[in-house]
Amino acid sequence: MNPRVILVDIVPFQITPEESLARLNELENLVVTYGGFVVVRKLQKRQMPDYRYYVGKGKVDEIEKEARDLGAEYVIVNNILKPHQIYNLESRFEKHGIKIWDRIDLILKIFEKHAVTREAKLQIELAQLRHFGPRIFKMGVGLNQQTGGGAITRGKGETNIEIMKRHIARKENQIKKDLKKIEGNQACQRAKRADDGFKTVAIVGYTNAGKSALLNALTRKGVKVKDELFATLDTRLGKLYLPEKGKSVLLSDTIGFIRDLPPSLIHAFHSTLAETIHADLIVMVIDMNDMEMEWKIKTVHQVLGELGCGGKKILYVFNKIDLPCPMPKEDLAEFYKAYSPTFVSAEQKTNLEELKNKIARCV
Ligand SMILES: Nc1nc2c(ncn2[C@@H]2O[C@H](COP(=O)(O)OP(=O)(O)OP(=O)(O)O)[C@@H](O)[C@H]2O)c(=O)[nH]1
Ligand SMILES: [Mg+2]
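Residues numbered from 1 in each chain as written. Chains lettered and ligands numbered in written order. Predicted model: local features only at pLDDT ≥ 70, side-chain atom pairs only at ≥ 80, totals over all residues.

**Concerning the overall build of the chain**
A count of helices and strands for the chain gives 12 helices and 10 strands. Against the 2.2 N^0.38 benchmark of 21 Å for 363 residues, the chain shows a C-alpha radius of gyration of 23 Å, consistent with a compact globule. When its C-alpha atoms are laid out on the principal axes, the chain stretches across 75 × 45 × 35 Å. Taking all 363 residues of the chain together, the buried fraction comes to 34%. Contacts spanning at least 24 positions in sequence make up 71% of the contacts within the chain whose residues lie at least 6 apart. (Helix = DSSP H or I, 4+ residues; strand = E, 2+ residues; numbered from the N terminus. Rg over C-alpha atoms; globule rule 2.2 N^0.38 Å. Buried ≥ 20, exposed ≤ 12 C-beta atoms within 10 Å, placed from the backbone. Contact = placed C-beta atoms within 7 Å.)

**Observations regarding the sheet that holds strand S1 (residues 4–11)**
Spatially, the four strands line up as an open sheet ordered S2-S1-S3-S4, and their pairing is parallel. Either end of the sheet is taken by a strand with one partner, and the two such strands are strand S2 (37–45) and strand S4 (99–102). Each neighbouring strand pair of the sheet contributes to a mean axis angle of 20 degrees, computed without reference to strand direction. In this structure, S1 lies alongside strand S3 (residues 74–77), joined through four bridges in parallel fashion. Directly across from Leu7, in S3, lies its bridge partner Ile76. Helix-sheet contacts for helix H1 (residues 17–34) involve S1, S2 and S3, and the interaxial angle to S1 is about 150 degrees. Sitting on the sheet, helix H4 (residues 103–114) touches S3 and S4, and the angle it makes with S4 is about 90 degrees. (Pairing = 2+ DSSP bridges. Axes fitted to C-alpha atoms, helices over the stretch in contact; angles between N-to-C directions.)

**Overview of the sheet that holds strand S9 (residues 314–319)**
Taken in spatial order, the six strands make up an open sheet running S6-S7-S5-S8-S9-S10, and their pairing is mixed. Strands with a single pairing partner mark the edges of an open sheet, and in this sheet they are strand S6 (236–242) and strand S10 (342–343). Against the sheet, helix H10 (residues 293–306) touches strand S5 (200–205) and strand S8 (281–287), its axis set at about 155 degrees to S8.

**Some words on unusual backbone geometry**
A positive phi angle, near 60 degrees, is found at Phe230, a position not held by glycine. Relative to the helices and strands, Phe230 resides in the loop between helix H7 (211–219) and S6. Residues other than glycine seldom take positive phi values, yet Asp260 does so here, at roughly 60 degrees. Mapped onto the fold, Asp260 is located in the loop between strand S7 (247–253) and helix H8 (263–268). When the 14 C-beta atoms within 10 Å are taken as the criterion, Asp260 is described as partly exposed.

**Examining the pairing of S7**
Counting buried positions over the seven residues of S7 gives five, a clear majority of the element. Where S6 and S7 come together, seven bridges link them in antiparallel fashion. Within S7, the residue paired with Tyr241 across the bridge is Ser248. Count of turn residues in the S6/S7 antiparallel hairpin: four residues, of which Gly246 carries a positive phi of about 70 degrees.

**Describing the domain arrangement of the chain**
Per the domain assignment, the segments of the chain are domain 1 (4–111), domain 2 (117–177) and domain 3 (198–362). Taken together, the contact between domain 1 and domain 2 spans seven residues of the former and nine residues of the latter. A total of four residues in the side of domain 1 that touches domain 2 trace back to one element, the largest contributor, which is helix H3 (residues 83–93). Broken down by class, the residue content of the side of domain 1 that touches domain 2 amounts to six nonpolar, one polar and no charged. (Domains from an automatic or database assignment. Nonpolar A, V, L, I, M, F, W, Y, C, P; charged D, E, K, R; others polar.)

**Here's the deal with the pairing of S1**
Across the eight residues of S1, six count as buried, placing the element largely inside the fold. Bridge count for S1 against S2 is eight bridges, and the pairing is parallel. Its bridge partner being in S2, Asp9 is matched across the sheet by Leu43. A crossover connection joins S1 to the parallel S2 through H1; in handedness this β-α-β unit is right-handed. (Right-handed = clockwise from strand over helix to strand, strands pointing away.)

**Considering the site of ligand 1**
Taken together, 24 residues lie near ligand 1, and Gly210, Ser212, Asp227, Thr232 and Gly256 sit nearest. Here the residues of the shell around ligand 1 sort into eight nonpolar, nine polar and seven charged. (Near = placed C-beta within 6 Å.)

**Observations regarding the packing of H1 against H4**
The geometry of a pair of packed helices is captured by two quantities: the angle between their axes and the separation between those axes. In the contact formed by H1 and H4, the axes pass within 10 Å of each other and the chain directions differ by 35 degrees. Considering the relative orientation of H1 and H4, their crossing is left-handed. When H1 is examined against H4, the residues Leu27, Leu30, Val31, Thr33 and Tyr34 are found in contact with a partner set consisting of Arg103, Leu106, Ile107, Lys109, Ile110 and Lys113. Considering only residue class, the contact of H1 with H4 consists of seven nonpolar, one polar and three charged. (Left-handed = near helix turned anticlockwise from the far one by under 90°.)

What follows is the structure, given as structure tokens:
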């Protein structure tokens, strides 16, 4: 049975109805990818989140009632909750058997479900520690307060928090060490490839843009292509022969980007993103059939900046030209002319020669 989910978002007053709808649609897509079923979406307009509960007190009462009436198992908030907000909300909902997640919890659960390689699993564990750590400390403080707060119990509670902190720090160090080893091996392989004269081209883009489909179309690599967010969590490399150059380059496909990811989580995926970080050229894939492409392009630029790739040469590839596009191709080409866009269909293998020629001229 698919778990029943209530979505909650707050948006500032100046946001357009289209934008707030897009935010909720994306969260619902994440829920569907996870295997959940959205029973109701709750939107509150306010400039600042409520300090205690994220949404206002009246809204919490309303959500609590609906969640019970509709038999919801999860309330998922489209933002990053502060540890005390999670704690306060859990105190209200836990007794009804309802879990509280924020956007990052949901993304991490999807990652966990899709992770195959040891590297991906380690990185997710690291991201989880970074995300859950502060909450665990808050829980310790909460337990402390509940035990009455005498000098002795408070002392004990603090000791427990210290123990937890130490345990988490030790675990984090161990994972980082394991990842360092993996990164070391990758660095050796990269050095060898560079010695062999291979340039590298990294395919990046918002999740579900068609990155894996493009890698497959250009290299017949056979990577999983799925109408799902975060289908790819590791890095795949394929060889692409460039007739214009008379030699091959290595093309990499990796994890997709998404908005509102805290930098600490992006950096937890450092090892998977290493190919992007060290690439000679970036190919940004954009789903031209997507109404929200403008801010998605912005998000991808932002994440590239976080990774220190802001200065790299980027080729912009508008994918899914075979689908009816919300904006005519000519208008898109005009709007994005500063990007010298290439329009392709990875699925139908349309216009790939033009893309190959452009890649050849850049590496
Ligand atoms: N119609 C059409 N669909 C495409 C095209 N390219 C990809 N798709 C579809 O778009 C969806 C996502 O494709 P993927 O290649 O998995 O996208 P991705 O960017 O690798 O996604 P993640 O790994 O999840 O971040 C799949 O359902 C593909 O079949 C295209 O050129 N045309
Ligand atoms: Mg993919």
